[in-house]
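# Remarks on the overall topology
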Amino acid sequence: MTEVTQQQQQQARLFTICKMTMATRQEVLGLYRRIFRLAKKWQAASGQMEDTIKEKQYILNEARTLFQKNKNLTDTDLIKQCIDECTARIEIGLHYQIPYPRPEIGQRRAQALKSDRSGFKSWFYHLIYNHEQVIHPSEPPFSHL
């Protein structure tokens, strides 16, 4: 009786793995199609045709490259992480109207921002002072707009 039970458990596990793999495959293919539809409809924030063409091409090349790179993944956790990353990049790109990934903040800079509030202020004012119009630190930010 235990042999039958063990065999049934193995079959159930295999069925679950196959089912999960098919669902994951469908999800990945759906994301790939979604990216290509997004690229087809993409309009650059600048409104210029040259920028739109460059950004569309970037979206298509990036999708092809990343999906090709990850096509042989077998670890379900890693696949799920890639799916989540892809979904996040799509949502961020749509929200901010930029197809490029968000730049990573260096580890040291990120720690300085977390630990030191004055570091954030100096970083913030650095951004303001590097624009065309210089804003005095005593003025509220963006009051010139």
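Residues numbered from 1 in each chain as written. Predicted model: local features only at pLDDT ≥ 70, side-chain atom pairs only at ≥ 80, totals over all residues. Heavy atoms only, no water.

## Let's talk about the nonpolar core
Membership of the largest hydrophobic core is limited to 12 residues, which are Leu31, Ile35, Leu38, Ala39, Trp42, Ile59, Leu60, Ala63, Ile79, Ile83, Cys86 and Ile90. The contacts of Leu60, once residues within four sequence positions are left out, are Phe36 and Ala39. (Core = buried A, V, L, I, M, F, W, Y, C linked by side-chain atoms within 4.5 Å. Buried < 20%, exposed > 50% of the residue type's maximum accessible area, 1.4 Å probe, protein only. Contact = heavy atoms within 4.5 Å.)

## A short note on the pattern of salt bridges
This model, assessed by the stated rule, comprises 3 salt bridges. One salt bridge connects Arg89 with Glu62, and the closest N-O pair in it is separated by 3.1 Å. Remark: Glu62 occurs in helix 2 (residues 49-69) and Arg89 occurs in helix 3 (residues 76-96); sequence separation between them is 27 residues. By relative accessible area, which is 22% here, Glu62 ends up partly exposed. (Salt bridge = Lys/Arg side-chain N within 4 Å of Asp/Glu carboxyl O. Helix = DSSP H or I, 4+ residues; strand = E, 2+ residues; numbered from the N terminus.)

## Examining helix 2
Over its 21 residues, helix 2 runs 30 Å from end to end, which matches the ideal 30 Å to within 8%, given 1.5 Å per residue. Every buried residue belonging to helix 2 is among Thr52, Glu55, Ile59, Leu60 and Ala63, and all of these are buried. Seen along its axis, helix 2 keeps its buried residues to an arc of 130°; they face one direction. In helix 2, the exposed positions angled more than 90 degrees off the buried face are occupied by Ile53, Lys54, Thr65 and Lys69. (Expected span 1.5 Å × (residues − 1). Arc of directions from axis to C-beta.)

## Here's the deal with the side chain of Glu55
Mapped onto the elements, Glu55 comes out in helix 2. No salt bridge is formed by the buried Glu55, whose closest oppositely charged neighbour, Lys54, lies at an N-O distance of 9.2 Å. Every residue in contact with Glu55, bar those within four places of it in the chain, is listed here: Trp42, Ala44, Ala45, Pro99 and Tyr100. (Lys, Arg positive; Asp, Glu negative; His and termini not counted.)

## Focus on the confidence of the model for the chain
Summarising the model, the chain shows a mean pLDDT of 75, and 59% of its residues fall at 70 or more. No element of the chain has a lower mean pLDDT than helix 5 (residues 117-129), which averages 52, and none a higher one than helix 2, which averages 94. (pLDDT = per-residue confidence, 0-100.)

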